[in-house]
Every structure is written in C-alpha cells, then in structure tokens.
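Working through the structure, step by step
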Amino acid sequence: MYTETQLIKDATKSSSNGADSDLVINVGPQHPATHGVLHLVITLNGETIKKLEPHLGYIHRSIEKMCESLSYRQFIYVTSRMDYLSAHMNNMACAMTVEKGLQVEVPARAQYIRVLMSELTRIASHELWWGAMAMDLGAFTPFFYAFRERETINEIMEETCGARLTMNYMVPGGVMVDLHPTFQQKVKEFIQLFKSKIDEYDELVTDNIIFQNRMKGVGYLSKEDAISYGCTGPVARASGVSSDIRKIYPYEAYKLVQFDEVLETTGDSFARYTVRVREMKESVKIIEQLIDNIPEGDYQAKTKAVLKLPKGEFYTRVETARGELGVYIVSEGGTTPYRIKFRSPGFSNLSALEHMAKGSKIGDLMATMGTLDLVIPDIDR
Amino acid sequence: MFSLQGLTNSIQDWLNATFSPGWVLIIQCGMVILLAISLFAVLGLALVLMERKVAARMQIRLGPNRVGPMGMFQTTADTLKLVLKEGFTPDGADKFLFNLAPFVVMIVAMLILAPIAFAKGFQIWDINIGVLYVSAVSSLSVIGILMAGWASNNKYSLLGAMRSGAQIVSYELSAGLSLLTIVVLSGSLQVTDIINSQQNGWWIFKGHIPVLIAFVIFIIAATAETNRAPFDLAEAESELTAGFHTEYAGMKFALFFLAEYINIFIVCAIGATLFFGGWMPFHIGNWQQFNHIMDYIPSSVWFFVKTFFLIFLIMWFRWTFPRLRVDQLLNLEWKYLLPISLFNLLLATVIAIMGWHF
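Here the structure is a predicted model, which is why all the values come from computation and not from measurement.

1. A short note on the overall build of chain B
- Along chain B, the regular secondary structure elements total 15 helices and two strands.
- The C-alpha atoms of chain B give a radius of gyration of 21 Å, which matches the 21 Å a tight globule of 358 residues would have.
- C-alpha extents for chain B along the principal axes are approximately 65 × 55 × 45 Å.
- Going through the 358 residues of chain B one by one, you find that 44% of them count as buried.

So this is what it looks like as structure tokens:
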C-alpha cells in the first residue's frame, strides 16, 4: 500500500537530486505556519530557498464530484466547506449560478442582505488572516485582538443564520430566513467598535518597525507575473492588477454602493498586507451605505420545490475574501448538475508561491505565504 | 539595615564549632547545591506562571486560573506531568549527546548563579572576577544548544541550532561590552565592589548617557542571548516548529524550558546588579527621612523587585514584537549594536578617567 509516509519520502527524494550541500525539508503537512495540511518540499542552501514544491491533496474530499449527485438546493451546503472563512460568498456564487439558469429575479431585500453578509464575512476573514499573519511572524498578541472583533461578527451571524462558520444561509432565489430583529442595531454597534479597533491594529502591527522590515521588499510579484499565474483578489491587487469582481462585473447590490477598489503597486508582502487592511475599511464603507436602507419585501423569490436547470452551461463569479471564485455548472436538464467545477482563488495564488519565495530566506517564506491567505480546503476541495 | 549576613555567619560559626574544617566545606557545598536546585525549581515554576499571566493580561485572557488559588499550581502540575512522561530518544539521534545536551544547558545556567548577590551578604561565591566569570560561563550554553540541534538528527533542529550559534556568539560581544562600561566606571570586576560603588546612587542615574545606552544595549543583547522573542530565531515556532528542541519530550524538554527561564532570571539579575545597584535601596541625595524608610525594606526585596521589573520588560517585548529575520538579526548586532557599544565604552572610559560621573 502506498502510505503517506512513503509519499513524503518519495517527494523528498525527487526534490533532492541537486548538489550534496542541499538540505531538503518538508514544511507540512503538519507545520505551524501552513495553517492546514499544505505540504511544501523545500530545497535549502543554508537558509536560502533554492526550490519549493507544493504538494496538494491531503484534504481533498472530492466536493465537485459529490455535488454531481446532489440536487440544486442541496449542493450549496457542501460548498460552505471549501473556503470555510468565506462560506457566505461560496454559497452566494452557487446560488447565483442556479438563479442564472432558472432566470429567477432575486428580491431587492435579499440582494441587500446578501451583500451585507458577504462584507461582514470579508471583514471576519481578513481579521483572522491578520491575526494569523502576525503569528506567522512571531507576534502572538494580535491573534487574540483579531479574534475579539471576529467573535462579534460570529455572534451576528449566529443570530441570523443559526451558525457561526458554515452558515448555509444563501439559497437559490434569496436567503433562507429573514434577518434577526436586532441585526441592524448589532451591525451598527460593531461598525462603531471596529472603526476604533482598526487604528489600534495599525499601531500594534502595521507601524512596527520590525514588522515593516520583515514585510517590505519580500515576496515580490510583478504585475505581469500576477496576471500570468492567474492571481486574483488582494494578491493581484497588491501587484497593481485591477481584479475586483465587485467593480468589474457588479452583482447583487454592489451596483448601488460607492466604494474604492484597493490597489497597490509595489507587489511585495507589505503591499498585500496593506491591501487587506484597507479592504476591511472599504467593507465598512459598503456596510454603512446599506445597513440603513434595507428595503422591505420578500427575502426569497418563489421557486419550485424541485429545481431543474435547463440544458446548458452556466458560469458566475464572485469576489470572495481570497479572490475570484468561479462556479461552472454543466446541466443536462435534470435535477442534479452533470458536472460542476469551482475556480478557487487559493489554488492560483498558491501557484505563484514558488516564484515569489525562490532565493529568499526561510523566514521570508512565512512572510510571503502568510500574505497569500491560503485556506487549504479551498485549494484541495 | 536589614541583612541576611547574620544568618549566614551564625550558620558558619555553628558548623565550625561542631565539625572539622573538611566536613564544614562539604556540608556547606551540600547546602549550596540544595539551595541552588530548590531556587531553580521555584524560580522556574514562578517565572513560567508569571509569563503566562503577563501574556494573558496582554492578550485579553485570564491565563491559568483553575489549579490552586489563582492558578498558582498550574506550572507545578505541568512539571509533574512532564516528569512522569517517557524520556523518548529518537531512532536516528546520537543517543549520548542527545541526552547530555539538556544537562549541559542546565548546568551552565546553574554555574552562572554563583556570583549573584541575592541580598546583602547572601552570595554563593564572591569571586574577584565576577563579571568576567559570568560572561565567560554564559557563552557556554551555546554548546548545549548546538549539541541538542546536531544530535537530534532533525533538519529543523539543526537549522535552529545553527541560528542559535550565530546569534549567541554575536550578541555575546555587545552584552560583554555593555557590562564593561560599568566595570570601567566602578573600577572592579567583583560583584560586591560593583554594588558597593552604587551606595550613593545607581549607575543608571550616576553614569550619564553612556550608561543609559549601555543599559539599552544590554537589554537587547540579553533578550537575544536568552533566545527570547523578538530574537527567538533558534525556536522560531512558525518557521522551525520548535527549533533545536523539536525532538525533545518529557523531562528533557522541561530542562530546556526551565533553563530558558533561569537564564532570563540570571541576565536580569546581572542587569539589576550592574545598572540598578543590586540589593542597594533607592536613595535620593540628602533626603535623610526618605532614605531611612527605604533602608527598612529588606535588601533581598530590593534585589528581586529590580530583577522582576527587568524580567517583566523582557516578557513585554515577547508579547509585543514580531520576530526578526536571521540576517536582520546579525545586521543589527554587527552594524549597529557593536559599533555603538565600542564607542560607548570609549565614552564611559573618558568619563571614568575625568571623574565626570556623580
């Protein structure tokens, strides 16, 4: 039997055919910095990285295949488990694809709720990333600060959706249930709190001289490379690639709100860091514009009990916290999809890691990998 | 002034009256060993608890609060667990060196304890080259760490040990030079002489800017020498999992862990002795009343308060700063700290010769 140990041994062997002075180390599948079961085989010369090979598949659950045997209502729940930090956006992308096929118009109230939930999720996801990023660089305290604010969002989610992480709140035609009566007030309170806390974040981490030295000029990704590796989301925007789906192909209530697409041009780890921190502030702006104007009306469009998509191919994309998530459904006209493919942002972003980390120190690898904001279940699916 | 000298003298008198001189020496050695080991255990446990409480305070948590009153026996329970665990040696490891390394680190930490004055007249060995002895012995601990990293037969351990070697050897220089500043000013290497020279004011107040600079450099170098964040590259959890002690478990790991905290205590004790006057109470010029009140506080309390203040400072660093990269760490030492401390030593020498200090 081909065991996992053998797999790691073989991977190590195939990478070690260089000079004798090379040191091959396995970062992962169990390692504090990979935040999941990512396995990197690194060839080192001293402390300098000569070669880096990501090995994937440790948490592959064949979600795409599973979706083929589930109905159009059911398969959305599985997708919460892909990028579990932006579960709302995953669900929304799938719901939007099904709506596209059914040609259902989503009620205005549901559109507002969807965008509000997505932006709250984006803040929660970036918060977690911010804490984990600082922890990758050896500062533990920010992690707790980030979780303090994230907890508030989780409580808001829990009240309305009934779950904290895998919400399964978006359904074809709208959202599952109406907002909790205290939702608006709690979100406003959170926004007030968060605005003061985000300055605290800057004081604690962003302005720290050690942190800036660790991040600036590290893991450089040029604009051309970002495009050719297919990077999306904050990773691409830090290299100056305008790639915000919310701006380019506005969906749901994003057409109605004013916000800036955050762009940086330096393309190093610090740029990726600033993009995410600034994106949190933009999300706050979006929430502020929508929270007082949620229209009354239905929260769900009338749909049939059993959904059947017409024969054909349907594709939608949304901007998750990590980048562009594409959902591609091939329908044969039945009650289940014939084929589903997810274009996950993490996979393309990870592919640029070797290019960015080559020639740098091991410490820089953590600074680079942290800013990619990898969620391994999203990459392996 | 409150002093423990009476106690130590009466014990010695009693021993001399009861036993022959040879036996007295052996009994005294035994007592010192017993005291040092128990001090070690208590200090280690107290410091680990303190670190956890400080960390919790900074991270909006409560910290240990279940075992005993305010969680005071948490570290004791943890140590008991570690003692009872299997002393595991990995298959590919060099068994002899692997098992020796934690003891080397521990013994070195114990040896540095000798010249430290815990209170007035309460000192194990008042050697006349105290400061030199401390800086010489403290650089030995790198041998234990290199030994552990090499013998583990683990690539992470080896990388951690390599980093640690480069780091400790480098920072030894500026730590030594900043200690020399005080030696130059007080004119002696003996710890008691240095403390007595601060009777009319601690060096941090008397020595003008050079001593302040020396103190800042000393704190940085001390943090680096004890492998503490932001200089914890030898462990570097997110990079090297646990660095040089990745393969250690049970009591052997606990020895490394305790040695780290004892080392913190020792460097802070030395800092307190040299810069803050050791057990000397805080006096202000001619305020006789105030000075008398300060004299009533026992000298051991003064020593421990100063030491724990410095320990708190070092813990504060750890829970605030991110880690440096290995080349930035060495740049900091060789390009900034070393030239500054060399120039600073020169300045201190001029001040000492001209008698410009208070």
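2. Quick look at the sheet that holds strand β8 (residues 339-343) of chain A
Residues and elements named next belong to chain A.
- On the basis of which strands lie adjacent, the open sheet formed by three strands has the order β6-β7-β8 and antiparallel pairing. Of all the strands in the sheet, just β6 (312-319) and β8 have a single pairing partner and so form its edges. Ignoring which end each strand starts from, the neighbouring axes of this sheet average 10° apart.
- Sheet analysis places β6 next to strand β7 (residues 324-331), joined by eight bridges and oriented antiparallel. Counted as the bridge partner of Arg-317 is Gly-326 from β7.
- Sitting on the sheet, helix α4 (residues 87-102) touches β6 and β7, and the angle it makes with β6 is about 145°.

3. As for the nonpolar core
- Membership of the largest hydrophobic core comes to 149 residues, with the highest contact counts inside it found for Val105(B), Phe218(B), Ala221(B), Phe265(B) and Ile266(B).
- With 17 residues, the top contributor of residues to this core is helix α12 (residues 250-275) of chain B.
- Of the residues that make up this core, three or more belong to each of domain 1 (4-55) and domain 2 (63-380) of chain A.
- Grouped together as the second largest cluster of nonpolar side chains are 53 residues, Ile123(A), Met157(A), Leu179(A) and Ile287(A) included.

4. Section: the domain arrangement of chain A
Residue and element names in this part refer to chain A.
- Here chain A is described as being made up of domain 1 (4-55) and domain 2 (63-380).
- Between the C-alpha centres of domain 1 and domain 2 there is a distance of 30 Å.
- Residue classes in the side of domain 1 that touches domain 2 are distributed as six nonpolar, three polar and one charged.

5. Thoughts on the interface of chain B and chain A
- Contact with chain B, which involves 23 residues of that partner, is made by 26 residues of chain A.
- Contributing elements (two or more residues each) for the side of chain B that touches chain A: α7 (155-186), α11 (237-240) and α15 (326-354) of chain B.
- Split by residue class, the side of chain B that touches chain A holds 10 nonpolar, five polar and eight charged.

Calculation notes
- Residues numbered from 1 in each chain as written.
- Chains lettered and ligands numbered in written order.
- Predicted model: local features only at pLDDT ≥ 70, side-chain atom pairs only at ≥ 80, totals over all residues.
- Helix = DSSP H or I, 4+ residues; strand = E, 2+ residues; numbered from the N terminus.
- Rg over C-alpha atoms; globule rule 2.2 N^0.38 Å.
- Buried ≥ 20, exposed ≤ 12 C-beta atoms within 10 Å, placed from the backbone.
- Pairing = 2+ DSSP bridges.
- Axes fitted to C-alpha atoms, helices over the stretch in contact; angles between N-to-C directions.
- Contact = placed C-beta atoms within 7 Å.
- Core = buried A, V, L, I, M, F, W, Y, C linked by C-beta atoms within 7 Å.
- Domains from an automatic or database assignment.
- Nonpolar A, V, L, I, M, F, W, Y, C, P; charged D, E, K, R; others polar.

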